[in-house]
Amino acid sequence: MATKILAETENILNESVIRRYLSENDRREMHLFDTIDSTNSFAKKLADEGKPHGTLVAADMQTNGRGRLGRSFCSPSGGNIYMSVIIRQDISIETSQLITSCIAVAVAKAVDKICKTKCDIKWVNDLFLNGKKICGILTESSVRFENRTLDYAVVGIGINLKSIKNSFPSELLETATSVEDETGKIPSRCRLIAEILKNIDAYIADMHNRKFMEEYRNRSFITGMDIEVVKYNSIRIAKAVGIDENAGLIVEYDNGEREVLNSGEARILKYNH
Ligand code: BTN
C-alpha cells in the first residue's frame, strides 16, 4: 500500500517531490499548473519579465501545446511531461545554435537513466524509442542584435510517459509512442523532471567545448538514410551523410551536391540500417 501511495505522489506534479531529487542549494523558481495553454508561452513571458536561468514551468496538460515549424503538440493530461526551462548564458548567437542538440542529449540521458531505456536522437532533437517518437523539444530564443549574443532561450520538452493508445489520434500512433507502451512501466514523473533539470544545467554549462557532440552522433540514427529535406517552399530527396561539428545535418543530393542543414526538417524515407 505504502508503495502505491508513494508512486501516486511521484506522478502528481509537486514542487517538493521534484526538489527531493535536486540539490539542497537548488533555489530555482518552479511554476506548476494542472492546465496551461503552453508551458513555452508562459516561460517566454517570465523570461521577458527577467526571470533567471533555470526557472521551470511544467503542467499536467496543455490546451495549445506547440511543436516545431508551427505545428501543434498533442498534450493530454494524466502523467506525461510538458516542461519548459529558461536558459540564460553569456554566449554568441552562433554558439546558441548548439542549445537544441545539447538539450536533446541532456534529455536522452535523463530518460535512459530513469526509464531504463536507450533513446535515439532523430535530427535535430526528437527522441525515439524503438523507431517511434517519444519526445519533442522546442527551443525558442531572444537575441541581442547589438552585440550578437543570446538574451535567453526557452527549451520546451514534451515526453510521452503514459500509454498514448487511448489518448492520441490514430494517425499519430503510426509515428509516436510512449515510455509505458515500449517498456510496460511508468517512471516517476517528478524524478524524471528533476533529472532533466540537473542534466540541462550540466550540459549547458559545458556546451561551448562541444563534448556532447560525440554522444549526439552516437545516438543519432539518421546518418546513411534516404530522407526528404523539407524547407519552406520545397521538398528534395537526399541522403543524410553525417553531422558536422555544429550539429548541422550534412546531406547529399542525387546530383552529388552537398549541403549542411542547420534548421528545418528531414523526413526519413527509408531505413537503410
Ligand atoms: C516538436 O516535436 O515539434 C516539439 C514539441 C515540443 C513540445 C513541448 S511540450 C512543453 C513545451 N510547451 C509547448 O507548447 N511545447 C513544448
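Since this is a predicted model, take the numbers as computed values, not measurements.

Conventions we followed
Residues numbered from 1 in each chain as written. Predicted model: local features only at pLDDT ≥ 70, side-chain atom pairs only at ≥ 80, totals over all residues. Heavy atoms only, no water. Helix = DSSP H or I, 4+ residues; strand = E, 2+ residues; numbered from the N terminus. Buried < 20%, exposed > 50% of the residue type's maximum accessible area, 1.4 Å probe, protein only. Contact = heavy atoms within 4.5 Å. Areas by Shrake-Rupley, 256 points an atom, 1.4 Å probe, with all protein chains shown as cover. Expected span 1.5 Å × (residues − 1). Near = heavy atom within 4 Å. Polar contact = N/O pair within 3.5 Å; in protein donor to acceptor, adjacent residues only side chain to side chain. Disulfide = S-S within 2.5 Å. Arc of directions from axis to C-beta. Phe/Tyr/Trp six-rings, centres within 6.5 Å; stacked < 30°, edge-to-face > 60°. Lys NZ or Arg CZ within 6 Å of the ring centre and 35° of its normal.

> Where do I start with the overall build of the protein in this structure?
Check the secondary structure of the protein and you find 9 helices and 12 strands. Along the longest, intermediate and shortest principal axes, the C-alpha atoms of the protein span 65 × 45 × 30 Å. Among the 273 residues that make up the protein, the fraction classed as buried is 50%. A separation threshold of at least 6 residues defines the contact pool for the protein, and within that pool the share at least 24 residues apart is 62%. Here the protein has roughly 13,200 Å² of accessible surface; of this, 48% comes from carbon and sulfur atoms.

> Could you clarify how one ought to interpret helix α8 (residues 189-205) in this entry?
With 17 residues, α8 ought to run about 24 Å at 1.5 Å a step, and its terminal C-alpha atoms sit 24 Å apart, in line with that. Counting buried residues in α8 gives 12 out of 17 residues, a clear majority hidden from the surface. Of all the residues in α8, the buried ones are Arg189, Cys190, Leu192, Ile193, Ala194, Glu195, Ile196, Leu197, Asn199, Ile200, Tyr203 and Ile204.

> What is the right way to look at the site of the ligand in this model?
Near the ligand lie 20 residues; those nearest to it are Ser38, Gln62, Arg66, Arg68 and Lys133. Between the ligand and the protein, one listed contact pairs a nitrogen atom with a backbone N or O atom of asparagine 40 at 3.4 Å. Glutamine 62 places a side-chain nitrogen or oxygen 2.9 Å from a nitrogen atom of the ligand. Here the ligand, which alone exposes 420 Å², has 97% of that area covered by the protein. Elements with a minimum of two residues in the shell around the ligand: α3 (39-48), β3 (81-87), β6 (132-144) and β7 (149-159). The greatest single-element share of the shell around the ligand, amounting to 4 residues, is contributed by β6.

> Would you take a moment to explain the state of the cysteines for this structure?
Working definition of a disulfide: a covalent bond connecting the sulfur atoms of two cysteines. All told, the structure shown has 0 disulfides when counted by the stated rule. Between cysteine 102, a free cysteine, and cysteine 135, which holds the nearest cysteine sulfur, the sulfur-to-sulfur gap is 14 Å. For cysteine 102, a relative accessible area of 0% gives the class buried. Of all cysteine sulfurs, the one in cysteine 115 lies closest to cysteine 190, which takes part in no disulfide; the gap is 13 Å. You can call cysteine 190 buried: its relative accessible area is 0%.

> I'm lost on α3 in this one. Help?
In an α-helix there are 3.6 residues to a turn, and that puts residues three or four apart on one side. Taken as a whole, α3 has its buried residues at Thr39, Asn40, Ala43, Leu46 and Ala47. One side of α3 carries all its buried residues, which in axial view fall inside an arc of 120°. Where α3 begins, the capping side chain belongs to serine 38, and its oxygen is found 3.2 Å from the backbone nitrogen of asparagine 40. Where α3 ends, the next residue or the one after it, glycine 50, has phi of about 100°, a positive value.

> Looking at this model, I keep getting lost on the packing of aromatic side chains. Mind explaining?
When we look at a pair of aromatic rings, we describe it by the centre distance and by the angle of the planes. Tallied over the entire structure, the rule returns 2 aromatic pairs. An angle of 70° between the planes, with centres 5.0 Å apart, marks the rings of phenylalanine 33 and phenylalanine 42 as edge-to-face. Here phenylalanine 33 falls in the partly exposed class, since its relative accessible area comes to 25%. With a relative accessible area of 23%, phenylalanine 42 lands in the partly exposed category. For the pair phenylalanine 128 and phenylalanine 221, a centre-to-centre distance of 5.3 Å together with 55° between the ring planes defines the contact as tilted. Highlighted residues: phenylalanine 128 in strand β5 (residues 126-129) and phenylalanine 221 in the loop between α9 (212-219) and β8 (226-231), separated in sequence by 93 residues. Lying across the ring of tyrosine 253, arginine 236 places its NZ or CZ 3.7 Å from the centre.

Shape descriptors only; they carry no functional weight alone.
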